[in-house]
Amino acid sequence: MSVLPLVFTSGWASGINAYAVVLLFGVFGATGLTDEVPESLQRTDVLVVVGVLFVCEAVADKIPYVDSIWDTAHTVIRPVSGAVVAALLAGQSGSLPEIAAGAVGGSTALMSHLVKAGTRMAVNTSPEPFSNIAVSTAEDLGVAGIITFAIFHPLAAAIVAGGLLLLGIVIIVFLAAKIRNFQRRKAERRARRRGAATWPD
């Protein structure tokens, strides 16, 4: 079970930014910083692809409303990535069955993704773009920090990731009203556009 804290932390981080997780693990493994990373994540072609996708996410994630569209498109990608990374980590160590690791990583990634997406919907109700940039930058730095921390102190990092996940859930509960208002206004805008399109000249 020694790999479970790393699996949990990587799952949480994958729900925030899956490409950053793969990129960081790959770089850490390729540079010899850790031997916990399987060779499949260290391949040059994998690092190039996730590096490009990371840049795309870094840009899209800081633009109001574009970030929510990006999150919607990644509702499947992030949990699947979290499950795959977790299974690969477990397979590398041999201390946790890969299916169980995949379930832990995938479900944790899904929960943190839902928290991220919900928070962004609430942030997008703000008329200025700077809050999106600040939140996105904080998320990127948080993922980088906690994955780096997990390489050296996996149990402590898992405790931090669990605390951040619980904190995110609490924040979502408090922001639920703003999210509902955002969805209502979005529906009203759609209805007005449909009405304008069908209104006779």
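Residues numbered from 1 in each chain as written. Predicted model: local features only at pLDDT ≥ 70, side-chain atom pairs only at ≥ 80, totals over all residues. Heavy atoms only, no water.

Caption draft 1: View of the packing of helix H2 (residues 44–60) against helix H3 (residues 66–73). Remark: H2 packs on H3, axes separated minimally by 9 Å, with the N-to-C direction vectors making an angle of 135°. In terms of orientation, H2 and H3 fall into the oblique class. Where H2 approaches H3, its residues Cys 56, Glu 57 and Ala 60 are matched on the opposing element by Val 66, Asp 67 and Trp 70. Across the contact of H2 with H3, the residue classes tally to four nonpolar, no polar and two charged. (Axes fitted to C-alpha atoms, helices over the stretch in contact; angles between N-to-C directions. Helix = DSSP H or I, 4+ residues; strand = E, 2+ residues; numbered from the N terminus. Parallel < 35°, antiparallel > 145°, perpendicular 65-115°, else oblique. Contact = heavy atoms within 4.5 Å. Nonpolar A, V, L, I, M, F, W, Y, C, P; charged D, E, K, R; others polar.)

Caption draft 2: Representation of the pattern of salt bridges. Enumeration over the complete set of coordinates arrives at 10 salt bridges. Arg 78 is paired through a salt bridge with Glu 57; the nearest N and O atoms lie 3.1 Å apart. Placement of the pair is Arg 78 in helix H4 (residues 77–93) and Glu 57 in helix H2, with a sequence separation of 21 residues. The burial state of Arg 78 is the same as that of Glu 57; both residues are buried. Between Arg 78 and Asp 71 there is a salt bridge, with its nearest N and O atoms 2.8 Å apart. For the pair formed by Arg 78 and Asp 71, the shared burial category is buried. (Salt bridge = Lys/Arg side-chain N within 4 Å of Asp/Glu carboxyl O. Buried < 20%, exposed > 50% of the residue type's maximum accessible area, 1.4 Å probe, protein only.)

Caption draft 3: Representation of H2. An ideal rise of 1.5 Å per residue puts 24 Å on 17 residues; H2 measures up with 24 Å between its terminal C-alpha atoms. Turning to H2, its buried residues are Leu 47, Val 50, Gly 51, Glu 57, Ala 58 and Ala 60. (Expected span 1.5 Å × (residues − 1).)

Caption draft 4: Region of interest: the side chain of Ser 14. Assignment of secondary structure puts Ser 14 in helix H1 (residues 4–30). Residues contacting Ser 14, with those up to four places away along its chain left out, are Val 21, Arg 78, Gly 82 and Ala 109.

Caption draft 5: Structural detail: the nonpolar core. Counting residues in hydrophobic clusters, the biggest one holds 31 residues, and the most contacted among them are Phe 25 and Ile 147. At the level of secondary structure, the elements contributing two or more residues to this core comprise H1, H4, helix H5 (98–123), helix H6 (130–152) and helix H7 (154–198). Among the elements that line this core, the one with the most residues is H1, at 11 residues. (Core = buried A, V, L, I, M, F, W, Y, C linked by side-chain atoms within 4.5 Å.)

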